[in-house]
Amino acid sequence: MNATSADPAHGTAPDPGRIVLLTTSHRVAPGLLSWPAWQALRTADRVLCADGAHPQLPYLGEAGIRVEEASPAAEELVEACSGGRTVVVVATGEGEPALTDGLARLAGSGRVAMPELELLPASYDLPGARLLDLVQVMDRIRAECPWSSRRTHAGLAKYAIEEAYELVEAIEDGDRDELREELGDVLLQVVFHARIAEEDTEAPFSIDDVAAGIVAKLVHRHPHVFGDESATTPEEVREHWLRTKAEEKRRTSVTEGVPLGQPGLALAAKLASRVRTAGLQVPMPRGEGIGYELLALAARAEAEGTDPEAALRAAARAYRDAIREVEG
């Protein structure tokens, strides 16, 4: 007789057994399960799964694990465990809420000897795994949404600028919830453009190509992190960055790569920064009018370590508050 089964001579109750609810992440390749999960599957008396098309099933079959396609009610599952048996339930994407709710009701009734219930994650999301969800959602929207399916890089350009400004505003406001939302909106622009780029007939690229490019750039420009060089101060880090960037770009002028379409104060400060970093002695152009005065102010602010664009925005916000005070 099984040591865990009922013993009529002594009146002992049967061992209620064990239920293992095995969960997996769809963001991890099927078949890549944790060692505790494989152990539970191999030692179980029965393995059940309600979804006959579950992506894990082919890999479990290759490992010699027999999986029954079944969706038992809570009472049936408890009965299946009676006598000390272990039943593993491979959860579907929804997580088996009907089953767990039913087990909770049985346990709450106090009338049933409940099996031990273990929730066993068989695979875990890595940091950044939710980005895969975003790529999948964007792919479907691009294919099925009448508006999104017709967008082009040029047509979306203005939204990238708008979202960047809204992100800056959230940072300046110090609103954490708003910051998280605006970061998502900026990220959407990147994923959207990358999805459109996949359809180009001459030079297609994907979000993976975009990510691979920035990873390679970051690694190359941080030899003090990924290489043999050392840097202990922010100034030394900046020196590494500028040197490796110059090697990559091979520019003939410090003005190359400075977008002329950016706001005027930011443009003036960027040019002044390039001149100062390169050690060039470039006199300010002479001219009359507010433009030349603003240029000089922007260059002075940059030399003093102040972002003139941010400084002007801060002053403008103070002006806005003053206006509202008068209005009020």
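Notes on the structure in this doc start here. It should be emphasised that the depicted structure is a prediction, and the values quoted were computed from it without experimental measurement.

Quick word on the packing of helix H3 (residues 74-81) against helix H4 (residues 97-109)
Phase 1: Contact geometry for H3 and H4: axes closest at 8 Å, N-to-C directions at 75°. Between H3 and H4, the angle falls in the class roughly perpendicular. Residues Ala 74, Glu 75, Leu 77 and Val 78 of H3 lie in contact with H4, whose contacting residues are Leu 99, Gly 102, Leu 103 and Leu 106.
Phase 2: Residue composition of the contact of H3 with H4, grouped by class: six nonpolar, one polar and one charged.

Considerations on H3
Phase 1: Burial in H3 covers these residues: Ala 74, Leu 77, Val 78, Ala 80 and Cys 81. One side of H3 carries all its buried residues, which in axial view fall inside an arc of 160°. Turned more than 90 degrees from where H3 packs its buried face, Glu 76 and Glu 79 sit exposed.
Phase 2: Where H3 is buried, its residues contact strand E1 (18-23), strand E2 (46-49), strand E4 (86-90) and H4.
Phase 3: With its phi angle positive at about 95°, Gly 83 sits one or two positions after the end of H3.

So, the environment of Pro 55
Phase 1: Note that Pro 55 resides in the loop between E2 and helix H2 (57-62).
Phase 2: Residues Pro 55 and Thr 24, spaced 31 residues apart in sequence, show a C-alpha to C-alpha distance of 9.9 Å.

A look at the packing of helix H5 (residues 130-144) against helix H7 (residues 176-197)
Phase 1: Two elements in contact, H5 and H7, have axes whose closest approach is 10 Å; the angle formed by their N-to-C orientations is 55°. By the angle between their axes, H5 is oblique relative to H7. Here H5 and H7 pass one another in a crossing that is right-handed. Facing Leu 131, Leu 134, Val 135, Met 138, Asp 139 and Arg 142 of H5, the residues of H7 in contact are Leu 187, Leu 188, Val 191, Phe 192, Arg 195 and Ile 196.
Phase 2: Looking at the contact of H5 with H7, its residues break down into nine nonpolar, no polar and three charged.

A look at the layout of surface pockets
Phase 1: What the largest pocket holds in volume is close to 550 Å³.
Phase 2: Around the largest pocket sit 19 residues that line it, and Leu 242, Lys 245, Val 254, Arg 274 and Thr 277 are the ones nearest its centre.
Phase 3: Every element with two or more residues in the lining of the largest pocket is listed here: helix H10 (234-249) and helix H11 (264-278).
Phase 4: Element by element, the count of residues in the lining of the largest pocket is highest for H11, at eight residues.
Phase 5: Quantified by volume, the second largest pocket comes out at close to 420 Å³.
Phase 6: Forming the walls of the second largest pocket are 22 residues, and the residues nearest its centre are Gly 128, Leu 131, Leu 132, Val 135 and Asp 208.
Phase 7: Listing elements by their share of the lining of the second largest pocket, those giving two or more residues are H5, H7 and helix H8 (207-220).
Phase 8: Here the lining of the second largest pocket gets five residues from one element, more than from any other, and that element is H8.

Parameters and conventions
- Residues numbered from 1 in each chain as written.
- Predicted model: local features only at pLDDT ≥ 70, side-chain atom pairs only at ≥ 80, totals over all residues.
- Heavy atoms only, no water.
- Axes fitted to C-alpha atoms, helices over the stretch in contact; angles between N-to-C directions.
- Helix = DSSP H or I, 4+ residues; strand = E, 2+ residues; numbered from the N terminus.
- Parallel < 35°, antiparallel > 145°, perpendicular 65-115°, else oblique.
- Contact = heavy atoms within 4.5 Å.
- Nonpolar A, V, L, I, M, F, W, Y, C, P; charged D, E, K, R; others polar.
- Buried < 20%, exposed > 50% of the residue type's maximum accessible area, 1.4 Å probe, protein only.
- Arc of directions from axis to C-beta.
- Left-handed = near helix turned anticlockwise from the far one by under 90°.
- 1 Å grid on protein atoms, 1.4 Å probe; cavity = no way out; pocket = protein on both sides within 12 Å on 5 of 7 lines; lining within 4 Å.
- Points joined across faces, edges and corners; volume = space filled by probe spheres on them.

The values reported here are purely geometric and, on their own, carry no functional implication.
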